[in-house]
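Structure assessment
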Amino acid sequence: MTSPFAEHFPALRLDFSYLDNAAGAQVPARCIDAISGYLSTGSCNVNQPYGVSVRTTELKARARAATAEFLGCQPDEVMLGTSATALSFQLARAFSRLFQPGDEVVISELEHESNASPWRDLEAQGVGVRLWRAHWPEGRLELADLRALLTPRTRLVALTAASNAVGTVPDVAGAAALARAVGAWTLVDAVHASPHLLPDVRAWGADFALMSPYKVFGPHLGCLYVRRDLLARLPADKLWFVPDDSVQKFEPGTAPHELLAGWLGSLDYVREVLGDGVPGRAGLERAFRRIVALEQPLLESTLERLLAHPRVRLYGIAEPQGRVATFCFNVPGRTPRAVAEHLARHGVGVAAGHYYSTMTAQALGLMPEGAVRVSLLHYNSARDVERLMDALNRLP
Ligand SMILES: Cc1ncc(COP(=O)(O)O)c(C=O)c1O
C-alpha cells in the first residue's frame, strides 16, 4: 500500500504504484458504492411517476448541477455524454453546418487529438486550419504566436488547459481574450487539467469546454460545456421534438444513470474529504487548494530527480511553475515500451506512446514510438516516486 488516501480508494490498497493517472484516475469507494447503490435499488429511465424513475430523474438533474458547479457554469450549459471525444465530434458536426469556406480555426500544438481531429475534419469543406506552434523542447505556448495567427475569419481557437503529454499549463484566459477580440470562440479542453486545477469556464472566458469525469476520480463519462447563448445557435444532430435551446440536443439516447450516480459519489469525496465538507463551489475551491498542496512536493521531487537522472532525457518545462505533475521522457537506447515494461515488472504503472498527443510527439521527433509518461495525482506518495526512481536505476 503506497497511498495515504488508500482508505478512500480500494484500488490504491494494492502494492502497486499507479503513475498513469493521465489515462484515468482511480475512484473512491463513494463512487463505487453510489454505482452499486443505484443499480441495487432499481435501474430505469427518467420522467415516469414511479419511485425509481423519479429518483433517476432527480439523479440526472443533480449530476448536471454538480458538474456545472465543478466547471463554474450553470446546469443548462452542461451536456453529459460517454466521452469528451464523442462530444467534440458531435460539436464538430454542428460547426460544419455553421462555418463557411474561408473561415479559419486555430489549434494549439499541445492538443490531444480529441481537440484537434474534429476541427481538422472541417478542412474538407474549405475551413482553414492554422497550427499554434509551441516552443520545444519545453512545450510552451506564447500568446504572441497566437496573435499572429488570428484574423477576422477565425471562428474557433482550440486550446488545452494542460497538456496530457508534457504537462504545460497555457495561459487560457489570455488566449480566449485574444480570440474574443477577433470575434472567435474558444474551446478549452479541460480533460487533463481538471484533476489538478479546478476548471472555471467563466474566468477562462471559454465558449466551449470539454471535461471527462474519469480523470477526476470518477467513472467513464464525458462532459461538454456550451455557453448558454450559443446553445440554440448550434445545429446539432437531434431528435426532431427536442427544443433547440435544450442540452438534450447533445445527449442523444439514454444516459448511463449508474455512472452519473458514481460521479456524484466522486464529487462527494472531493468536497467531504479534501474540502473538509464545505458545501458548494467554495468546498471545491478548498479541495483544489489541498490538491495543489499535496501535488506540489510530488511534482517538485519527481521533476528534480528526473532532471538529475543520468540516463533520462526529459521533455517539457524544466521548472515546477507553469506545469502539472505530468512528465514525458525517454531513456536513449531503450524504447519507451521497454522502459514501461521494465517499470511494470517493478510494480510501477506508466504509459508509453503518444497518448493521442500526436502533434507533441511529432514536434519532439518522437514518432512512432513516443515517450514514457509518468503522471501523478494528489493520492500518490513520496514512496511512489521512490519506487519509480529505484526501478529506473535498475534499468538494464
Ligand atoms: C487532454 C485530453 N483531452 C481529451 C481526452 C479524451 O477524453 P475522452 O477519453 O473522454 O474522450 C483525453 C484523454 O486522455 C485527454 O487527456
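Looking at the nonpolar core
Note on soluble globular proteins: their nonpolar side chains tend to be buried together. Among the nonpolar cores identified, the biggest contains 74 residues, and F70, F217 and Y379 are the most heavily contacted of them. Considering each element in turn, this core owes the most residues, 9 residues, to helix α9 (residues 257-274). Contacts of F70, omitting those with residues within four sequence positions, involve S194, L198, P199, M211, V216, W263, L267, R281, L284 and F288. Among the nonpolar cores identified, the runner-up in size contains 30 residues, and A84, F95, W119 and F250 belong to it.

Comments concerning the side chain of D20
With respect to the helices and strands, D20 occurs in the loop between β1 (17-18) and α1 (29-40). What makes D20 buried here is its relative accessible area of 15%. The contacts of D20, once residues within four sequence positions are left out, are G349, V350, A351, R373 and S375.

Section: the domain arrangement of the protein
With domains assigned, the protein is organised as domain 1 (10-19 + 280-393) and domain 2 (34-267). For domain 1 and domain 2, the distance between their C-alpha centroids amounts to 25 Å. With 33 residues of domain 1 at the interface, the matching set in domain 2 holds 36 residues. Contact with domain 2 buries surface across domain 1, with R281, F288 and M359 losing the most and accounting together for 25% of the total. Summed over the shared surface of domain 1 and domain 2, the number is 2 salt bridges. When the shortest N-O distance is used, the salt bridge between R140 and E319 registers 3.4 Å. Applying the counting rule to domain 1 against domain 2 returns 18 residue pairs in polar contact (both at pLDDT 80 or more). When contributions to the side of domain 1 that touches domain 2 are tallied by element, the ones reaching two or more residues are α10 (280-308), β10 (326-330) and α12 (358-363). In terms of residue count, the dominant contributor to the side of domain 1 that touches domain 2 is α10 (8 residues). When its residues are assigned to classes, the side of domain 1 that touches domain 2 shows 19 nonpolar, 8 polar and 6 charged.

Observations concerning the state of the cysteines
Put plainly, a disulfide is one covalent bond tying together the sulfur atoms of two cysteines. Scanning all chains against the criterion turns up 0 disulfides. We note that C31 lacks a disulfide partner, and the nearest cysteine sulfur, in C223, lies 13 Å from it. With no disulfide of its own, C73 lies closest to C223 among cysteine sulfurs, the gap being 9.5 Å. A residue is classified by how much of its surface remains accessible, and C73, at 8% relative accessible area, is buried.

Things to note about the packing of aromatic side chains
Within the structure shown, the criterion is met by 13 aromatic pairs. Ring geometry for W185 versus F208: centroids 5.5 Å apart, planes at 75°, classification edge-to-face. Taken together, the positions of W185 in strand β6 (residues 185-189) and F208 in strand β7 (residues 208-211) put the pair 23 residues apart, joining distant regions of the chain. There is no split in this pair, since W185 and F208 are both buried. Among the aromatic residues, those joined into a ring-pair cluster are F95, F99, W119, W185 and F208. Looking at R155, its charged tip hangs above the ring of W185, at a distance of 5.7 Å from the centre. Its end group placed over the ring of Y355, R373 keeps NZ or CZ at 4.3 Å from the ring centre.

Focus on the side chain of S3
Within the secondary structure layout, S3 lies in the segment before β1. With a relative accessible area of 8%, S3 lands in the buried category. One polar contact links the side chain of S3 to the main-chain carbonyl oxygen of Y379, over a distance of 2.6 Å. Setting aside anything within four residues of it in sequence, one finds S3 in contact with L12 and Y379.

Conventions adopted
Within each chain, residue numbers correspond to sequence positions counted from 1 in written order. Restriction of local features to residues with pLDDT of at least 70 applies here, the model being predicted, together with a cutoff of 80 or more for giving and counting side-chain atom pairs; totals for whole chains, interfaces and linings are based on all residues. The basis for every side-chain value is the complete set of non-hydrogen atoms in the structure, without hydrogens or water. Throughout this description, the term nonpolar core refers to a set of buried Ala, Val, Leu, Ile, Met, Phe, Trp, Tyr and Cys residues connected via side-chain atoms within 4.5 Å. Only protein chains enter the accessibility calculation, which uses a 1.4 Å probe; a residue is then buried when its area is under 20% of its type maximum, exposed when over 50%, and partly exposed in between. Segments assigned H or I by DSSP are reported as helices when at least four residues long, segments assigned E as strands when at least two residues long, and all are numbered from the N terminus. Contacts: residue pairs with any heavy atoms within 4.5 Å of one another. As annotated, the domain borders come from an automatic or database domain assignment. For any pair of parts, buried area is found by adding up, for both, the accessible area (1.4 Å probe) each one loses once the two are put together. Salt bridge, as used here: a side-chain nitrogen of Lys or Arg that lies within 4 Å of a carboxyl oxygen of Asp or Glu. A 3.5 Å cut-off defines polar contacts: any pair of N or O atoms within that distance qualifies, except that in protein one atom must be a possible hydrogen donor and the other a possible acceptor, and neighbouring residues in sequence count only when both atoms are side-chain atoms. Under the convention adopted here, Pro, Cys and the residues Ala, Val, Leu, Ile, Met, Phe, Trp and Tyr are nonpolar, Asp, Glu, Lys and Arg are charged, and Gly plus all remaining residues are polar. For the purposes of this analysis, a disulfide is any pair of cysteine sulfur atoms at a distance within 2.5 Å. Two rings from Phe, Tyr or Trp (for Trp, the six-membered ring) form a pair when their centres sit within 6.5 Å of each other. Planes less than 30 degrees apart are called stacked, planes more than 60 degrees apart edge-to-face, and all others tilted. By definition here, charges over rings are those cases where NZ of Lys or CZ of Arg is within 6 Å of the ring centre and within 35 degrees of the ring normal.

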